[in-house]
Each structure stands twice: as C-alpha cells, then as structure tokens.
Amino acid sequence: IDQVIIYHQDLPESGSTTLKIWDRGEYITPGPGELITEQSYTPAGAGSQTPISVTEDIYIDGKDIWVGYECNDLGEENFPLGTDNGPTVDGVNFTSTGPGWSQYDPEFGNLGIIVELVGDGMPSWMSMTPASGSIEAGGSEEILVDFSTSGLENGVYEAEIHIAANDPANQYTAIPVTLDISTAIIDGTEEKVGVMTYPNPAVDNLNVKSNEVIETVKVINQVGQVVYEGTPNTESFSINTSKLEKGMYMVQVQTVNSETITHKVVVK
C-alpha cells in the first residue's frame, strides 16, 4: 500500500484522527479483524481529500483487508464520515461507536476512502468457477479451477484457494495450488505448457490439470517405487491418494507433446 486518501465531509475534533488498517477478520462476524497498523494524521479540511503516506510496508497478497479511520466528531450536525455518491456496495462499509461493528449503509454511497498501491502485481493466473457463493448445510458444489499462462515466465508459481465457513474454530481453509510452466515446441511453434496440482498436502485426492492433454501420470515414493500410474488422456485428472501411505511423493506428469513436469507432493 502506497497511500490512503480519506474524504471528510466535516472536520473531526482536532488531534483525534487516526488511519487504521486491519486484517480480514472473522467470516461469521462482519467487520475488521486484528489491527495491522495505525498512524495519526491531520485532515486537510472539510469537504476535501487528505492523502496519507503509509509508513509501514503492507503487502496485498489476495486476502481481504480493511482500511478506515478513527476520530471524534464535533457534535450535532457534524459529519466527519465522508461518502461518495453511490451506489452503495453491500458488506464493505462498517462503523463502530463502541464494542462491535455495524454496517454503514447511507442512501448516498460508501465511505470516501481510496487505497493506492505501488509496485508490479503478479498476473492473476488462477481462476475459479463459480468465483464465490455459499452452500447449504449438508450440500456440496463442484468448483472448476483453471489457469492461464499469459504473462508468466517459465518457473513454478504458488497460490492458495481460501474457503470460508461458519465454523467458529475453523473459519478459513487454505488450499495450496502449484503451477509449473515450461516451454515446448508444438507444431514448430514455442508454446507455454502448464501443469497445475492441488491440494498440496493432499488427503483424499490430488487434482492435476494442464493446458495440454495429459498422457501419463506417475506417483513415485521416496525410494523410487512407482506406487501409481495412469493414462488419463485428458487435460484434467484426479488421483485418489487416500490409500497411499503418508509422506512425500514425486508426481510426474507427461503431456501428449512429451513435455514432462515433476511436482513434489505431501500426502497426509
């Protein structure tokens, strides 16, 4: 985060204003989580924007964060909370005048806070369909996970899929995803070949996906024994790991164009 720009409708009490940045917080209780950083600032004036340079390095890694401010207002008919002209975005504007948080939902928009970032972000190579949603108790839904090699150099990339639940003891589950990209000559043209595996560690299943047809898949244990071998002849494949002994394995994937990629996978 480079800087935060805050709009004040009216001036708050002098010397009372503090920029605050929080972690994403709980899934079952709306509002900010643990405080990451805070710093005092002086508003530029009523009806104007105040740019605040963030002194602490805070990196955006894909998880939600909350950015806001704390201040004392000057009393009746004074509104230090500045807002835009809408339309209101549900679930992102919260205020607190004591313990707990409540959604701030005025008719004229959202809190006037702008967060500016600096640096070169990583291309968003992983996608999910649907990207979000909810599941009823006892239900299930299949999620399609895909990737794109566009803008990526050869190498290994890692990401996480985060699933939220209303379990107070386990509100967020992170599913690690690994993507390996190499260059292959296909019909005389250089093309990026990617092989994605998840989750790692695996418990019941290991999913393998490529942008080329997968010809063979081998799972090799630590002493070099092939404990699984399959010929899926498809771009997406799932390996049942529930019967494998716990430990580390090498998963060797060969595509139809003879491109071979090996991933290290832990089975729990």
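Residues numbered from 1 in each chain as written. Predicted model: local features only at pLDDT ≥ 70, side-chain atom pairs only at ≥ 80, totals over all residues. Heavy atoms only, no water.

### Topic: the layout of surface pockets
Then, number 1: By volume, the second largest pocket is sized at about 170 Å³.
Then, number 2: Lining the second largest pocket are V156, E158, A159, E160, P176, V177, T178, T197, N200, H263, K264 and V265.
Then, number 3: When contributions to the lining of the second largest pocket are tallied by element, the ones reaching two or more residues are β11 (155-164), β12 (172-186) and β18 (260-267).
Then, number 4: Sorting elements by how many residues they give to the lining of the second largest pocket places β11 first, with 4 residues.
Then, number 5: Here the residues of the lining of the second largest pocket sort into 5 nonpolar, 4 polar and 3 charged. (1 Å grid on protein atoms, 1.4 Å probe; cavity = no way out; pocket = protein on both sides within 12 Å on 5 of 7 lines; lining within 4 Å. Points joined across faces, edges and corners; volume = space filled by probe spheres on them. Helix = DSSP H or I, 4+ residues; strand = E, 2+ residues; numbered from the N terminus. Nonpolar A, V, L, I, M, F, W, Y, C, P; charged D, E, K, R; others polar.)

### A closer look at a nonpolar patch on the surface
Then, number 1: Side chains of I60, V115 and L117 sit close together on the surface and give an oily, nonpolar patch of about 260 Å² of accessible area.
Then, number 2: Secondary-structure assignment places V115 in strand β8 (residues 113-116).
Then, number 3: For V115, a relative accessible area of 35% translates into the label partly exposed. (Patch = residues over 30% accessible without salt bridge, like charges linked within 9 Å, V, L, I, M, F, W, Y side chains within 5 Å. Areas by Shrake-Rupley, 256 points an atom, 1.4 Å probe, with all protein chains shown as cover. Salt bridge = Lys/Arg side-chain N within 4 Å of Asp/Glu carboxyl O. Buried < 20%, exposed > 50% of the residue type's maximum accessible area, 1.4 Å probe, protein only.)

### Focus on empty space enclosed by the protein
Then, number 1: In total, this model carries 1 cavity of 30 Å³ or more according to the counting rule given.
Then, number 2: Taken as a whole, the largest cavity spans an internal volume of roughly 40 Å³.
Then, number 3: L206, V219, I239, T241, L244, Y249, V251, V265 and V267 together form the lining of the largest cavity.
Then, number 4: Sorting the residues of the lining of the largest cavity by element identifies β14 (205-220), β17 (247-255) and β18 as the ones contributing at least two each.
Then, number 5: For the lining of the largest cavity, the class distribution of residues is 8 nonpolar, 1 polar and no charged.

### A few points about the nonpolar core
Then, number 1: Of all hydrophobic cores here, the largest spans 16 residues; its most connected members are L206, V208, V217, V219, I239, V251 and V253.
Then, number 2: Looking at this core, the elements with two or more residues in it are β14, β16 (234-240), β17 and β18.
Then, number 3: Leaving out residues up to four positions away in the same chain, V219 has contacts with Q225, V226, V227, Y228, I239, L244, Y249, M250 and V251.
Then, number 4: Core analysis: the second largest hydrophobic core is formed by 12 residues, M126, F147, V177 and Y198 among them. (Core = buried A, V, L, I, M, F, W, Y, C linked by side-chain atoms within 4.5 Å. Contact = heavy atoms within 4.5 Å.)

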